[in-house]
Amino acid sequence: MKKILFSLITAMTVMPSMAQSKSTTTRDERNYIVEGNKLYNEQRYADAEVAYRKALQENAMNEIAQFNLAASLLRQGSASGETQKEASAILQNLTRDAENISIAEKAFYNLGNIAFNAQDYAKSIELYKNALRKNPDNDKARENLRLAQKRLEDQQNQDQNQDQNQDQQDQDKKDQNKQDQNQNQDQNNNNDQNKDDNKDQQQQQQPDQKQDQQKQQQQQGGISQQNAEKILKAMENEENATRARINAEKKKTGAPSRRPVTNPW
C-alpha cells in the first residue's frame, strides 16, 4: 500500500513574515532551526528533533520550529507510537492557532497523510480539503485527496461485499439447519413406520406359525388332539355297535335248556 510522506517547511533563511509569528525570533532560535533542517535533510531525524527542541526552548511559540519538530517525530515514529501522538497533537494545535497560513495548510496536509496511512480515508479526505481551502494550489493535497476518495470507495465496496457474503453464509447455515431438521424428522417417521410394519407382520405370522406347526406334526406322523378325539369317538361307536349286535343274536336264539339233576346212587 502506498505510504504518503510528510512535508517540511524549509527554514534555512527565516523570512520576516514568518519571523513575526507571535514573538520576535532570536539568532540562536534561527540557528537551531537551520541546524535541524540540515540534519533532517541528512535523514538524521533524532538529531534534528534535538535541534528543533532547542529552538523551542528559546521561543516556545515559534510555529516553524513546532511544525519541523512534528515532521521529525513522524519520521521516527511508528503508526501507533508515542512520537506520532505527540506530532499529531502539535499539528492539531497549528491547524487551530497558527498565524502563518502556509504552516496551517501543511499541518492539515500532514494530518491527512497520518489518517491516510492509518486507512482512515474518510478523515483524510476532510483534512486534505482543509489544506486545499488554505491553499488551492497545493497539487499534492489534491492528488492525495483523489487517491483517498478512491480508496474510500474501494473500502466501502469491500465492506458491502463482506456484509453480503456474511448474510449469504448466515442464510446458507439456516437452510442447512432446516434441511437437517427435515431429514431427522423423515428418519423418525420412517423408524415409526418400520415399527408398525414389523408389528403387523408379526401378528400375521402367528396364525401361519400355528398352521405350520400342525402341518409339521402331521408330516412327522404325530396326531393332533382333534384327530385323536375323532379316532376315540369312532372306536367307541364301533364297540357299541358290536355289543348291540351280540345282544340281538342272543334274543333271537333264546336261552339254553337246563339239564336234569341225576339222583345219587
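Residues numbered from 1 in each chain as written. Predicted model: local features only at pLDDT ≥ 70, side-chain atom pairs only at ≥ 80, totals over all residues. Heavy atoms only, no water.

J.: Is there a simple way to explain the overall build of the protein in this structure?
T.: Scanning the protein from N- to C-terminus turns up 9 helices and 0 strands. Of the regular secondary structure in the protein, the N- to C-terminal order runs α-α-α-α-α-α-α-α-α. Per-residue burial over the protein gives 28% buried out of 265 residues. Across the protein, the fraction of contacts at a sequence separation of at least 24, relative to all contacts at a separation of at least 6, is 58%. Surface exposure of the protein reaches about 19,100 Å², of which carbon and sulfur atoms provide 45%. (Helix = DSSP H or I, 4+ residues; strand = E, 2+ residues; numbered from the N terminus. Buried < 20%, exposed > 50% of the residue type's maximum accessible area, 1.4 Å probe, protein only. Contact = heavy atoms within 4.5 Å. Areas by Shrake-Rupley, 256 points an atom, 1.4 Å probe, with all protein chains shown as cover.)

J.: What's the story with the packing of aromatic side chains in this structure? I'm lost.
T.: The final tally for this structure, using the stated rule, is 3 aromatic pairs. A ring pair is formed by Tyr40 and Tyr45, whose centres lie 5.1 Å apart and whose planes are at 70°; its orientation type is edge-to-face. Ring centres 6.1 Å apart and planes at 50° place the aromatic pair Tyr109 and Tyr128 in the tilted group. Taken together, the residues span a long stretch of sequence, with Tyr109 in helix 6 (residues 101-117) and Tyr128 in helix 7 (residues 121-134) at a distance of 19 residues. Assessed through its relative accessible area of 8%, Tyr109 is described here as buried. For Tyr128, a relative accessible area of 0% translates into the label buried. (Phe/Tyr/Trp six-rings, centres within 6.5 Å; stacked < 30°, edge-to-face > 60°.)

J.: Would you mind going over the nonpolar core with me for this structure?
T.: The nonpolar side chains of a soluble globular protein tend to be buried with one another. Tyr40, Leu69, Ile90, Leu91, Leu94, Ile103 and Tyr128 are the most contacted members of the largest nonpolar core, which has 40 residues in total. Among the secondary structure elements, those contributing two or more residues to this core are helix 2 (27-41), helix 3 (45-58), helix 4 (63-76), helix 5 (82-97), helix 6, helix 7 and helix 8 (139-219). The element best represented in this core is helix 6, accounting for 9 residues. (Core = buried A, V, L, I, M, F, W, Y, C linked by side-chain atoms within 4.5 Å.)

J.: So what exactly am I meant to see when it comes to the pattern of salt bridges here?
T.: Side chains that differ in sign of charge can pair as their charged atoms come close. Following the criterion strictly, the structure yields 9 salt bridges and no others. A salt bridge links Arg44 to Glu42; the nearest nitrogen and oxygen atoms lie 3.3 Å apart. The exposure class assigned to Arg44 is partly exposed, which follows from its relative accessible area of 42%. Its relative accessible area of 39% is what places Glu42 among the partly exposed residues. Residue Asp139 pairs with Arg142 through a salt bridge whose shortest N-O separation is 3.4 Å. A residue pair is termed a helical-turn pair when its members lie 3 or 4 positions apart in one helix, as Asp139 and Arg142 do in helix 8 at 3 residues. Judged by its relative accessible area of 55%, Asp139 is exposed. Here the salt bridges share partners, and the residues they tie into one network are Lys38, Glu42, Arg44 and Asp47. (Salt bridge = Lys/Arg side-chain N within 4 Å of Asp/Glu carboxyl O.)

J.: Can you help me understand helix 7 in this one?
T.: Residues that lie three or four places apart on an α-helix share one face, since the helix turns once every 3.6 residues. The end-to-end C-alpha distance of helix 7 is 20 Å, a good match for the 20 Å that 14 residues give at a rise of 1.5 Å each. Inspection of helix 7 places Tyr121, Ser124, Ile125, Leu127, Tyr128, Ala131 and Leu132 among the buried residues, and these make up the whole buried set. (Expected span 1.5 Å × (residues − 1).)

J.: Please clarify how unusual backbone geometry should be interpreted in this entry.
T.: Leaving glycine aside, a negative phi is the common case for residues, and trans is the common case for peptide bonds. The backbone of Gln43 shows a phi angle near 65°, a positive value even though the residue is not glycine. Relative to the assigned elements, Gln43 resides in the loop between helix 2 and helix 3. What makes Gln43 exposed here is its relative accessible area of 60%. One non-glycine residue with positive phi stands out, namely Gln119, at about 65°. Along the chain, the position of Gln119 falls in the loop between helix 6 and helix 7.

J.: What should I look at first to understand the packing of helix 6 against helix 7 in this one?
T.: Working note: a packed helix pair is described by the angle between its axes plus the distance between those axes. One way to put it is that helix 6 packs onto helix 7 with a least axis distance of 8 Å and a crossing angle of 165°. By the angle between their axes, helix 6 is roughly antiparallel relative to helix 7. In the crossing of helix 6 with helix 7, the sense of the turn from one axis to the other is left-handed. Contact residues: helix 6 offers Ile101, Ala104, Glu105, Phe108, Tyr109, Leu111, Gly112, Asn113, Ala115 and Phe116, while helix 7 offers Tyr121, Lys123, Ser124, Leu127, Tyr128, Asn130, Ala131 and Lys134. The residue makeup of the contact of helix 6 with helix 7, split by class, is 11 nonpolar, 4 polar and 3 charged. (Axes fitted to C-alpha atoms, helices over the stretch in contact; angles between N-to-C directions. Parallel < 35°, antiparallel > 145°, perpendicular 65-115°, else oblique. Left-handed = near helix turned anticlockwise from the far one by under 90°. Nonpolar A, V, L, I, M, F, W, Y, C, P; charged D, E, K, R; others polar.)

J.: Is there a simple way to explain the confidence of the model for the protein in this structure?
T.: Reading fine detail from the predicted coordinates is not recommended where pLDDT is low. Confidence in the prediction of the protein, expressed as mean pLDDT, is 79, and 73% of residues score 70 or more. Confidence, read as mean pLDDT per element, is least for helix 1 (residues 16-19) in the protein (40) and greatest for helix 7 (97). Contacts from residues 10-22, a stretch scored under 50 in pLDDT, to residues over four places away or in other chains number 21 contacts. Scored below 50 in pLDDT, residues 255-265 shows 0 contacts in the model against residues more than four places distant or in partner chains. (pLDDT = per-residue confidence, 0-100.)

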